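Take a look at the letters that make up each chain.
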Amino acid sequence: MSHFKPRPFARAMALAVPALCLLCTQTLAQSTATVTLPAVNVHTGKITPLPAGTPLDKASLAPKLSATSDTAVLLSDIPGLSLNGAGGVSSLPAINGLADDRLRIKVDGMDLIASCPNHMNPALSYIDPTHVGVLKVYAGITPVSAGGDSIGGSISAESRPPEFAGPEQESLLKGEVGSFYRSNNNASGVNLSATYATQAFHLSYSGASSKADNTMAGGDFKTYDFTGRIDHTLALNEVGSTAYETRNHTLGLAFKKDNHLFEARLGIQDMPFQLYPNQRMDMLYNKQDSLNLRYLGRFDWGSLEARAYQEKVDHFMDFGPDKRYWYGGSTVAGVVTGSGGPTALNGTPCSPTGTAICAAGMPMYTEGKTTGLSVKADVDLNPQDLLRVGAELQQYRINDWWPASGGGMMPGTFWNIRDGERDRAALYAELETRKSAQWMTLLGARVEQVRMDAGDASGYNMTADAMGFQARDANAFNAQSHQSTDTNADLTALARYTASANYDIEFGFAHKVRSPNVYERFTWSTWQMAALMNNFAGDGNGYVGNLALSPESANTLSATFDWHAADSIWGFKATPFYTRVDDYIDAVQWNATTNAPATTLVTDKFSVLKYMNQSARLYGLNLSGHVPLAESSWGKFGFKGLLNYTRGTNEDTGGNLYNIMPLNAKLAVTQKTGSWDNSLELVAVKAKTDVSAMRNEIKTPGYSLVNLRGGYSWKTVRLDFGVENLFDKFYYLPTGGAYVGQGTTMTNPALPNFPQWGTAVPGMGRSIYVGLNVKF
């Protein structure tokens, strides 16, 4: 059953590479035609921040909102950015090969932490796409004011800012309502926002709800239909455990007086379920409550911003409807005891639950609480020099426990992390200087302390003969000190040189440090079943934490060469980058019996690994550009495109890093005429052959997809529609992980049971979408 056909990618790249080269040639030709320096007055006005990052505002995001319920997908047109597959609304962004906690991701200024052993509730999952006002990405060198406790780029998602009545208005009353439908997975949703404001007071509400069934691939990718549940089967092209339902609500309150703004946001997320095709468990409940307070003041000397926030998360996981729920017992000579045992294709409902022969699922609970404070000031030293200073505090508390359910999961509670703590304190300063009409520089330093601690571990069964070495591992963990304190320093040096009105270059160096997260340090069990539940890589393997981990330390060199028209009607950017990471947190296969690294690598099935510090190297090139093509009675036609290449290697083992997106390109021909806005897209991805042998990463074939998008706007109404994967092509997601979306997922079962190693998560087949948004 092979879908490995590299030819579609070759054909697509045969179009993509010449197109980007032609774009580069055209922009270079146009850039050499004008060499006049731009008129820059260095004595008046505030200097433009450096680096500016890549902003995506409400207008540029609007055409994408009907096509996705996953806020991370809105970032897919950013050079160097890819998405690691997860749940339907929880993709994990990766920037130049670094993802998840290696990035700093803020939502409305809050640093939010995934409180889940599978990272099912990442930061961007807490803001609905329709609530986003602006997204900003720092994909190259990140200033210290936007970084911290990360070694990759930074992403900031901001809701729409509070609005107030104008000088001639007594009050302001406005809002919008929208809805969408997507055919492939029967996805639908609604969103509503309303605002009432005076010249000094603002009150707003934003709400959104969306749900979807399982996605359907463009072809069959398995030979079995059982799910582990009696009388429940899945079609051979149905991607199990991809359904979801989520609801988000935000209440905003703001006061304005002269140059001072006071703002409060109360956020609530109620997610009934989000199923995962690349995880053993599913999210069956997630409740988040957040309070976010902000002050912003503008003074003659600059601006001051202060923020205080708190977030509480209640998270619950168990086996969703596409995965086996009943475990325990056996089948001998046709006689079933308990659920039928590990060899049964479907678990039989049994009783009494909570006994050695009958386990009702595997409940897993996580409670997280994050409290943060931050203060930052922009000080205009003079018209040429801007000083940014700031301080940040964050306190994180987590409990992760698994109650007894029967079978081997009894008689006590399994404490995965008890009384986990991770506290951060940081100070930073950076100086931005306009040295001349051509030169701008930024120098910054950040010092951060990360203190971590946790209580004692405990297994379901702490007797010496309990399965999975629970007593041995828990006692060994408890005998060690769990407390650690890391003092980390970040440095950034960046410069921008404006050679002409058509060309500038931004280049720099950054030294960044990240301390391990709580699951990398404090998970302790080598028992295969328990380790499989501790996985935020999505590769189907199990992971064990390591108290001895050191912080990751990265040194990055990057430059962006930017050719563009003075009015930005055309442009081309090339960004090469190089990153060296010392103490990179990778993993090695682990032998639970000897409690030591495996002497022989497992190559054809899922395994258990332990986090280890090693060294890594990442490098690559990102290209992007846009150019007008023609203008006629049919409208204005344009072309835009991007191409990304990243290579990542483990310098200790000589192997490849996990989940590195292969060479990929996106090209689009756009048309604008009157109120119409249309595009034809080609997405091309090379075969993934550079895979991590240590993690048994699955190779995937190359592919190319065609998408059609259209939109029409009236004064207060916007209609969007389109077809994604127009030709219903079958393909695997190169960074979507291993398929474990149905069957006996608690363990690595023997045939004829599934899931078995070797199947990647497929992408979605053809999907028609339509969305309508009305403003009032």
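Computed from a predicted model, the values in this text were never measured in an experiment.

Caption draft 1: Representation of the pattern of salt bridges in the model. Summed over all chains, the structure comprises 44 salt bridges. The salt bridge involving Asp-453 is made with Arg-451; its shortest N-O contact spans 4.0 Å. Since its relative accessible area comes to 27%, Arg-451 is described here as partly exposed. Ionic pairing is found between Asp-486 and Arg-521, a salt bridge with its closest N-O pair at 3.2 Å. You can see Asp-486 sitting in strand β26 (residues 484-500) and its partner Arg-521 sitting in helix α4 (residues 518-522), a full 35 residues away along the chain. Here the two residues Asp-486 and Arg-521 agree in accessibility, since each one is buried. Salt bridges here are not isolated pairs; linked through shared partners, they connect Arg-104, Lys-106, Asp-111, Asp-149, Glu-392, Arg-422, Arg-424, Arg-446 and Glu-448.

Caption draft 2: Quick peek at the state of the cysteines. Following the criterion strictly, the structure yields 1 disulfide and no others. Between the sulfur of Cys-350 and that of Cys-358 lies a disulfide, 2.1 Å long from S to S. With the S-S bond torsion at 90 degrees, the cross-link from Cys-350 to Cys-358 turns out right-handed. Cys-358 sits in the buried class, given a relative accessible area of 0%.

Caption draft 3: Region of interest: the packing of aromatic side chains. By the definition in use, this model includes 27 aromatic pairs. For the ring pair Phe-316 and Tyr-365, a centre distance of 4.8 Å and an interplane angle of 35 degrees mean the geometry is tilted. Separated by 49 residues along the polypeptide, Phe-316 in strand β17 (residues 302-318) and Tyr-365 in strand β22 (residues 364-382) bring together distant segments of the chain. Given the relative accessible area of 32%, Tyr-365 is considered partly exposed.

Caption draft 4: Representation of the sheet that holds strand β6 (residues 110-111) in the model. Overall, mixed pairing links the 5 strands, which are arranged β1-β7-β8-β5-β6 in an open sheet. The sheet is open, and its two edges are formed by β1 (54-57) and β6, each paired on a single side. Pairing of β1 with strand β7 (residues 132-138), which is carried by 4 bridges, proceeds in the antiparallel orientation. When the sheet's bridge partners are listed, Leu-56 is paired in β7 with Leu-135.

Caption draft 5: Examining the environment of Ser-633 more closely. Tracing the backbone shows Ser-633 in the loop between β32 (608-632) and β33 (635-650). Counting along the chain gives 332 residues from Ser-633 to Trp-301, while the straight-line C-alpha distance between them is 52 Å.

Caption draft 6: Layout of the side chain of Asp-504. Here Asp-504 shows up in strand β27 (residues 503-514). The side chain of Asp-504 is buried and forms no salt bridge, while Arg-496, the nearest opposite charge, is found at 5.5 Å. Residues within four places of Asp-504 in sequence aside, it is in contact with Tyr-497, Thr-498, Ala-499, Thr-560, Phe-561, Asp-562 and His-564.

Caption draft 7: Examining the side chain of Asp-149 more closely. By secondary structure assignment, the location of Asp-149 is in the loop between β7 and β8 (154-159). Reaching out from Asp-149, the side chain makes a polar contact with the side chain of Arg-422 at a distance of 2.8 Å. A distance of 3.3 Å separates a polar atom in the side chain of Asp-149 from the backbone nitrogen of Ser-515. Setting aside anything within four residues of it in sequence, one finds Asp-149 in contact with Asp-101, Arg-422, Arg-424, Glu-448, Val-450, Asp-490, Val-513, Arg-514 and Ser-515.

Caption draft 8: Looking closely at the sheet that holds strand β2 (residues 81-84). Taken in spatial order, the 3 strands line up as β2-β3-β4 in an open sheet, and their pairing is antiparallel. A strand with exactly one partner marks an edge of an open sheet, and here the two such strands are β2 and β4 (98-99). Here 2 bridges tie strand β3 (residues 92-95) to β4, and the two strands are oriented antiparallel to one another. When the bridges of β4 are listed, Ala-94 appears paired with Ala-99.

About the thresholds
Each chain carries its own residue numbering, running from 1 in the written order of its sequence. In keeping with the predicted nature of the model, local features appear solely for residues at pLDDT of at least 70, side-chain atom pairs appear and are counted solely at 80 or more, and the whole-chain, interface and lining totals rest on all residues. Excluded from the side-chain calculation are hydrogens and water; included are all heavy atoms of the structure. What makes a salt bridge here is a side-chain nitrogen of Lys or Arg within 4 Å of a carboxyl oxygen of Asp or Glu, nothing more. Type-normalised accessible area, obtained with a 1.4 Å probe on protein chains alone, sets the label of each residue: buried when under 20%, exposed when over 50%, and partly exposed for intermediate values. Think of it this way: any DSSP run of H or I at least four residues long counts as a helix, any run of E at least two long counts as a strand, and we number them from the N terminus. Disulfides are defined as pairs of cysteine sulfur atoms found within 2.5 Å of each other. Between 30 and 60 degrees the pair is tilted, below 30 it is stacked and above 60 it is edge-to-face, where a pair is any two Phe, Tyr or Trp rings, Trp via its six-membered ring, whose centres lie within 6.5 Å. The criterion for strand pairing is that DSSP finds at least two bridges linking the strands in question. In this tally, Asp and Glu contribute negative charge and Lys and Arg positive charge; neither His nor the terminal groups of the chain are included. We call two residues in contact whenever any of their non-hydrogen atoms come within 4.5 Å of each other. Here a polar contact is recorded for every N or O atom pair within 3.5 Å, except that within protein the pair must consist of a potential hydrogen donor and a potential acceptor, and residues adjacent in sequence are included only if both atoms are side-chain atoms.

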